[in-house]
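Coordinates in review
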Amino acid sequence: MIGKTGDMSKYASLSWDELDRKGLLAELKEKDPELYKEKYSEMAKGLNITSK
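Brief notes about the packing of aromatic side chains
- A complete count under the given rule lists 2 aromatic pairs for this structure.
- A ring pair is formed by W16 and Y40, whose centres lie 5.6 Å apart and whose planes are at 75°; its orientation type is edge-to-face. Of the two residues, W16 sits in helix α2 (residues 16-21) while Y40 sits in helix α4 (residues 33-46), which places them 24 residues apart along the sequence.
- Among the residues examined, W16 registers a relative accessible area of 14% and is labelled buried.
- Following the ring pairs from residue to residue traces out a cluster consisting of W16, Y36 and Y40.

Quick word on the confidence of the model for the chain
- When pLDDT is averaged along the chain, the result is 84; 79% of the residues meet or exceed 70.
- Between the elements of the chain, mean pLDDT differs from a low of 66, seen in helix α1 (residues 2-12), to a high of 96, seen in α2.

Section: α4
- With 14 residues, α4 extends 20 Å from end C-alpha to end C-alpha; this agrees with the ideal 20 Å at 1.5 Å per step.
- Turning to α4, its buried residues are L35, Y36, K39, M43 and A44.
- The first or second residue beyond α4 is N48, which carries a positive phi of 60°.

Rules and cut-offs
Residues numbered from 1 in each chain as written. Predicted model: local features only at pLDDT ≥ 70, side-chain atom pairs only at ≥ 80, totals over all residues. Heavy atoms only, no water. Phe/Tyr/Trp six-rings, centres within 6.5 Å; stacked < 30°, edge-to-face > 60°. Helix = DSSP H or I, 4+ residues; strand = E, 2+ residues; numbered from the N terminus. Buried < 20%, exposed > 50% of the residue type's maximum accessible area, 1.4 Å probe, protein only. pLDDT = per-residue confidence, 0-100. Expected span 1.5 Å × (residues − 1).

Here it is, written out as structure tokens:
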């Protein structure tokens, strides 16, 4: 599973905007939904977006 760890680290090191620009958000959501939620929360906090 070394490859999977490498894939996850590439996502973890990027911001939401970088993931978006590279077209990786859908891939991240599929492969690691928890990290996707974390990245979304970071982005939303920066924009003062609250979830309902």
